[in-house]
Each structure stands twice: as structure tokens, then as C-alpha cells.
Amino acid sequence: MSEGCSITVNGKPVRVAAGTSVAAALMNCGEPCRFSVSGGARGPLCGMGICMECRAMVDGIPHRRTCQLICAAGMEVVTG
Ligand code: FES
């Protein structure tokens, strides 16, 4: 069984356990996924790909649903 991997969140290295979703990794390090138009911090709500509240940029692709992505070595996540 894999022991996990490292990703970056807003340029900072974050170590995660194998099978961790990107949304969980963001929650574990206290980062909101994005901010609403009124400035409110937003994070995972449904956890199953429906609500879109967990969107963030992953590997340069905006608006990825982080609850539907499993962390992979070297993945770059940018929130906000
Ligand atoms: S938490 Fe709802 S789509 Fe990801």
C-alpha cells in the first residue's frame, strides 16, 4: 500500500495520505477552496460532485471539483 504523496497548495508543500481527495487535503491544511463574489470563504459541501462549492485550480486547470480528485504526487493546487 502506498504511503501517500506530496502536493503543493498555494505553493506550499503538503503531505497527504494515499487516497486523500484534494478537497480533504485543503480542509486539512485550513485553506478554503475559493471565495464567493461577496468574499466569503467556500469549501466542500456535498462531497459528491454536485454543488461545485469545492472548485479550485488544479495543475493549471480552473474550476476543478476537488472532492472528485484524488491527490497525486506533484499536483499543484491553487485556491482563491
Ligand atoms: S463538494 Fe460539492 S461538488 Fe465538490
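Throughout what follows, the structure given in this document is the object of discussion. (Residues numbered from 1 in each chain as written. Predicted model: local features only at pLDDT ≥ 70, side-chain atom pairs only at ≥ 80, totals over all residues. Heavy atoms only, no water.)

**Points about the pairing of strand 1 (residues 5–9)**
Remark: a regular strand shows side chains that alternate across the two faces of the sheet. Where burial is concerned, the two faces of strand 1 differ: the one with Cys5, Ile7 and Val9 is buried and the one with Ser6 and Thr8 is not. Direction of pairing for strand 1 relative to strand 2 (residues 12–16): antiparallel, over a ladder of five bridges. If you follow valine 9 over to strand 2, its bridge partner there is lysine 12. Two successive antiparallel strands, strand 1 and strand 2, enclose a turn made up of two residues, where asparagine 10 displays a positive phi of approximately 55°. Sheet topology places strand 1 next to strand 7 (residues 76–78); two bridges connect them, and they run parallel. Following the sheet pairing, valine 9 is matched in strand 7 by valine 77. (Buried < 20%, exposed > 50% of the residue type's maximum accessible area, 1.4 Å probe, protein only. Helix = DSSP H or I, 4+ residues; strand = E, 2+ residues; numbered from the N terminus. Pairing = 2+ DSSP bridges.)

**So, the pattern of salt bridges**
As enumerated under the stated definition, the model contains two salt bridges in all. Here glutamate 53 makes a salt bridge to arginine 34, at a shortest N to O gap of 2.9 Å. Of this pair, glutamate 53 sits in the loop between strand 4 (41–42) and strand 5 (55–58) while arginine 34 is found in strand 3 (residues 34–35), placing the two residues 19 residues apart along the sequence. Judged by relative accessible area, arginine 34 falls into the buried class, the value being 16%. In this structure, glutamate 53 and arginine 42 form a salt bridge, with 2.9 Å as the shortest nitrogen-oxygen distance. With glutamate 53 in the loop between strand 4 and strand 5 and arginine 42 in strand 4, this residue pair connects regions lying eleven residues apart in the sequence. The class of arginine 42 is partly exposed, set by a relative accessible area of 32%. Taken together, the shared-partner salt bridges connect Arg34, Arg42 and Glu53 into one network. (Salt bridge = Lys/Arg side-chain N within 4 Å of Asp/Glu carboxyl O.)

**A closer look at the nonpolar core**
Core analysis: the biggest nonpolar cluster contains 18 residues, and Ile7, Val22, Cys71 and Val77 have the highest contact counts within it. Put simply, the parts of the chain that give this core at least two residues each are strand 1, strand 2, helix 1 (22–28) and strand 5. Discounting residues that sit within four places of it in the chain, valine 77 has contacts with Ile7, Thr8, Val9, Asn10, Val22, Leu26, Ala56, Met57 and Val58. (Core = buried A, V, L, I, M, F, W, Y, C linked by side-chain atoms within 4.5 Å. Contact = heavy atoms within 4.5 Å.)

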